[in-house]
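Examination of the molecular architecture
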Amino acid sequence: MTQKGVQLDRETFSCSICLDLLKDPGTLTCGHSYCMNLQLPQCRQTFTARPDLRKNTMLADLVEELKKTGLQAAPADHCYAGSEDVACDVCTGRKLKACKSCLFCLISFCEKHLQPHYDSPAYTKHKLVEPSKKLQENVCSRHDEVMKMFCRTDQQSICYLCSVDEHKGHDTVSAAAERSEKQRELEVSRQNILQRIQDREKDVKLLQQEVEAINGSADKTVGNSEKMFTELIRLMEKRRSDVKQQVRSQQQTEVSRVRELQEKLEQEITELKRRDAEMKKLSHTQDHNQFLHDYPSLSPLSESTHSSSIKIRPLRYFEDVTAAVSEVRDKLQDVLREKWTNISQTVTEVDVLLPDPEYMTRAEFLKYSCDITLDPNTVNTELLLSDGNRKVRFTRETHPYSSHPDRFTDWRQVLSKESLTGRCYWEVEKRRGVSVAVTYKNISRAGRLNECAFGCNDKSWALYCLNNSYNFCYNNVETPFSGPQSSRVGVYLDHRAGILSFYSISETMTLLHRVQTTFTQPLHAGLRFYGWVGDSRDLETQLSSEYSMLFFFSLVPQLNNFYTRGEESAGRPGDVNKVKIGL
């Protein structure tokens, strides 16, 4: 029937009651048809009795014929094109959604109207793609022709007429050829992207493993540290209890001894008073004969406790115990303070796989500022510490320090008490030349220049700030360089990464010199006085409270002259240099 051009609609031949094709269609006298086994007519005509339905034979045959032709059900609402959908360009009235677009026809088709593209050989060369609203963009606006070529010169799609007109002489190829080349480039890019995805996924996996390792290590460390601190606290509690018990025991022993002697003395006093009363009474007897009669009855005195047998100690008693405990406390505090720096800085080292960022601002460096004090056991005898070991002064006088294996004896140097690991930052403020160093603790303390002096051996690194230049020294090799002069030099140490950097600090930070190496031991900050004092001014600077700084003054015009002439001629009597360190 469709071949005869008859437009059939299933809805026309459907029962309005069951909404399906008519089954045994019956016709009312009004002309409407329903399935004979149903009631509820649609028309407005009033029936006084149930209408008598008669089978419509012709309509029944027509419905059967429609079933044979494969008449489809009316599309549901979701099959119609909405505002966001590509509509079929062939449908009339309410348009259905397009399922394909044809790049040859330049129109879109629904399933019904697309069928000829599948059935007819005439459409074999037509190219079907997913529905697109941009089909007209394939039509040249100038020549109204399909753009099947590409101009590489202008990087745009063109039609054939464009290639012989305004694009004449340009590098033009077919759109298919350009697509093939771009497709290859796209595949290469996709391969790169896929490779990067694989790499990033591998990195994510590694980072996840790193997170698990960090969490596991942290949990284990917390557990171990809790156990060790608990043991330490238990030991401290036991020692406290032992001291208390021993002091109380000795207290009872000594008090008992004193009480016993005191009781004997009191008994002796009582006896002496009784004898004194008897003698007094006898001495008042007026009868001479009675006196002489009673006198022999006086019993002899017992042996007296001589006062020289009682030893009165100075009022110290248990003060020696207090001093001993105080000494233990001070030593323990020193150990905890020194080792706590290592513990605290080690805890922050968790960036095993992450790159070390390049900090550019002083505020970022100050996150790694460290509290540094000077170690009195290392200070040279011509240097004087004060202000809680945060100030050092060169006095040209020899101070009577106790002998200590850590003391520098031949060079005016001093080390920080705290060891430096992890990331650390401090600053040096100067008015004249300056020298600042980092060194291993096992650097020699006495001997020749190469053994002890900062920068002259493989155990120390030193920056010398001269009048108009800088000089970096390591293992007795000098590296001179120039840079902006300022009153402050910043030092950044990343022990784990092996980075030691020096910065000139003014309104901005300028990198002066950077060392990339491998540090095998904890480092200590070092200060050194060297050279000739140029005047007798009191060169002292004050320390800012927002970060730790090392202050050091160098008054030698040239480093080489110092190495040549030595330190023994340095300074004149009365010259004073001061350095202050701390928060």
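Residues numbered from 1 in each chain as written. Predicted model: local features only at pLDDT ≥ 70, side-chain atom pairs only at ≥ 80, totals over all residues. Heavy atoms only, no water.

A closer look at the overall build of the chain
Broken down by element type, the chain carries nine helices and 23 strands. Among the 583 residues that make up the chain, the fraction classed as buried is 32%. When contacts within the chain are restricted to residue pairs at least 6 apart in sequence, long-range pairs at least 24 apart make up 59% of them. By element, 52% of the accessible surface of the chain is carried by carbon and sulfur atoms, the whole surface being about 37,300 Å². (Helix = DSSP H or I, 4+ residues; strand = E, 2+ residues; numbered from the N terminus. Buried < 20%, exposed > 50% of the residue type's maximum accessible area, 1.4 Å probe, protein only. Contact = heavy atoms within 4.5 Å. Areas by Shrake-Rupley, 256 points an atom, 1.4 Å probe, with all protein chains shown as cover.)

Topic: the confidence of the model for the chain
For the chain, per-residue confidence averages 78 on the pLDDT scale, and residues scoring 70 or more make up 74% of the total. Predicted confidence for residues 39–48 stays below pLDDT 50, and this span has 13 contacts to residues more than four positions away or in other chains. Low pLDDT, under 50, characterises residues 532–583; the stretch is placed with 185 contacts to residues that sit more than four places away or in other chains. (pLDDT = per-residue confidence, 0-100.)

What about the sheet that holds strand 9 (residues 172–174)?
Here three strands make up an open sheet; going across it, the order is 8-7-9 and the pairing antiparallel. Both edges of this open sheet fall to strand 8 (156–158) and strand 9, since each of them pairs with a single strand only. Looking at each pair of strands side by side, their axes are set apart by 35 degrees on average, direction ignored. The sheet contact formed by strand 7 (residues 149–151) and strand 9 spans three bridges and is antiparallel. By the bridge assignment, F150 is partnered in strand 9 with V173. Packed onto the sheet, helix 4 (residues 175–283) meets strand 7 and strand 9 and runs at close to 90 degrees relative to strand 9. (Pairing = 2+ DSSP bridges. Axes fitted to C-alpha atoms, helices over the stretch in contact; angles between N-to-C directions.)

A short note on the packing of aromatic side chains
For the coordinates displayed, the defined rule picks out 11 aromatic pairs. A centroid spacing of 5.7 Å and a plane angle of 10 degrees characterise the contact between Y470 and F481, whose relative ring orientation is stacked. Taken as a pair, Y470 in strand 16 (residues 470–474) and F481 in strand 17 (residues 477–481) lie far apart in primary sequence, 11 residues in all. With respect to class, Y470 is no different from F481; both count as buried. Among the aromatic residues, those joined into a cluster by ring pairs are F365, Y368, Y425, Y492 and Y503. R94 extends its terminal NZ or CZ atom over the ring of Y80, reaching a point 3.9 Å from the ring centre. (Phe/Tyr/Trp six-rings, centres within 6.5 Å; stacked < 30°, edge-to-face > 60°. Lys NZ or Arg CZ within 6 Å of the ring centre and 35° of its normal.)

Comments concerning the nonpolar core
Core analysis: the biggest nonpolar cluster contains 25 residues, and W426, W461, L463, L500 and F502 have the highest contact counts within it. Not counting residues up to four positions away in its chain, the partners in contact with W461 are V436, A437, V438, Y440, F472, C473, Y474, L500, V515, F519 and L523. (Core = buried A, V, L, I, M, F, W, Y, C linked by side-chain atoms within 4.5 Å.)

Quick word on the side chain of R445
Along the chain, R445 turns up in the loop between strand 14 (434–440) and helix 8 (449–452). We note that R445 is buried and unpaired, the nearest opposite charge coming from D406 at a distance of 4.4 Å. Dropping the residues within four chain positions of it, R445 is found in contact with T378, P405, D406, R407, F408, T409, D410, L415 and C452. (Lys, Arg positive; Asp, Glu negative; His and termini not counted. Salt bridge = Lys/Arg side-chain N within 4 Å of Asp/Glu carboxyl O.)

Topic: the sheet that holds strand 4 (residues 100–102)
An order of 5-4-6 is seen for the three strands of this open sheet, with the pairing classed as antiparallel. The open sheet has two edge strands with one neighbour each: strand 5 (107–109) and strand 6 (128–129). With three bridges connecting them, strand 4 and strand 5 associate as antiparallel partners. Pairing of S101 across the sheet is with S108, part of strand 5. Those strands touched by helix 2 (residues 111–119) are strand 4, strand 5 and strand 6, and its axis lies near 105 degrees from that of strand 5.

Describing the environment of G422
On the secondary structure map, G422 appears in the loop between strand 12 (413–415) and strand 13 (423–429). Taking C-alpha positions, G422 is 9.7 Å from I343, a pair spaced 79 residues apart along the chain.

Section: unusual backbone geometry
Positive phi is not limited to glycine here, since Q155 has a value of about 55 degrees. Under the relative-accessibility criterion, Q155 is labelled partly exposed at 48%. Residue N476 is not a glycine yet carries a positive backbone phi of 65 degrees. Looking at the element boundaries, N476 is found in the loop between strand 16 and strand 17. Residue classification places N476 among the partly exposed residues on the basis of a relative accessible area of 37%.

What about a nonpolar patch on the surface?
There is a patch of nonpolar side chains on the surface, built from F229, L232, I233, L235 and M236 and spanning about 450 Å² of accessible area. Mapped onto the fold, M236 is located in helix 4. Residue classification places M236 among the partly exposed residues on the basis of a relative accessible area of 41%. (Patch = residues over 30% accessible without salt bridge, like charges linked within 9 Å, V, L, I, M, F, W, Y side chains within 5 Å.)

Topic: the layout of surface pockets
By volume, the second largest pocket amounts to about 680 Å³. Here the lining of the second largest pocket takes five residues from helix 4, the largest share from any one element. (1 Å grid on protein atoms, 1.4 Å probe; cavity = no way out; pocket = protein on both sides within 12 Å on 5 of 7 lines; lining within 4 Å. Points joined across faces, edges and corners; volume = space filled by probe spheres on them.)

Brief notes about helix 4
For helix 4, spanning 109 residues, the distance from its first C-alpha to its last is 153 Å, which sits close to the expected 162 Å at 1.5 Å a residue. Taken together, the buried positions of helix 4 are occupied by E178, E210, E268, R275 and L282. As for helix 4, its buried residues are in contact with strand 7, strand 9 and helix 5 (288–294). (Expected span 1.5 Å × (residues − 1).)

Some thoughts on the pattern of salt bridges
As enumerated under the stated definition, the model contains 23 salt bridges in all. Here D242 and K238 are joined by a salt bridge, their closest N and O atoms 3.2 Å apart. Here K238 and D242 lie together in helix 4, a separation of four residues that amounts to about one turn. Judged by relative accessible area, which is 46%, K238 ranks as partly exposed. Through salt bridges with shared partners, a single ionic network connects R152, E178, E181 and K182.

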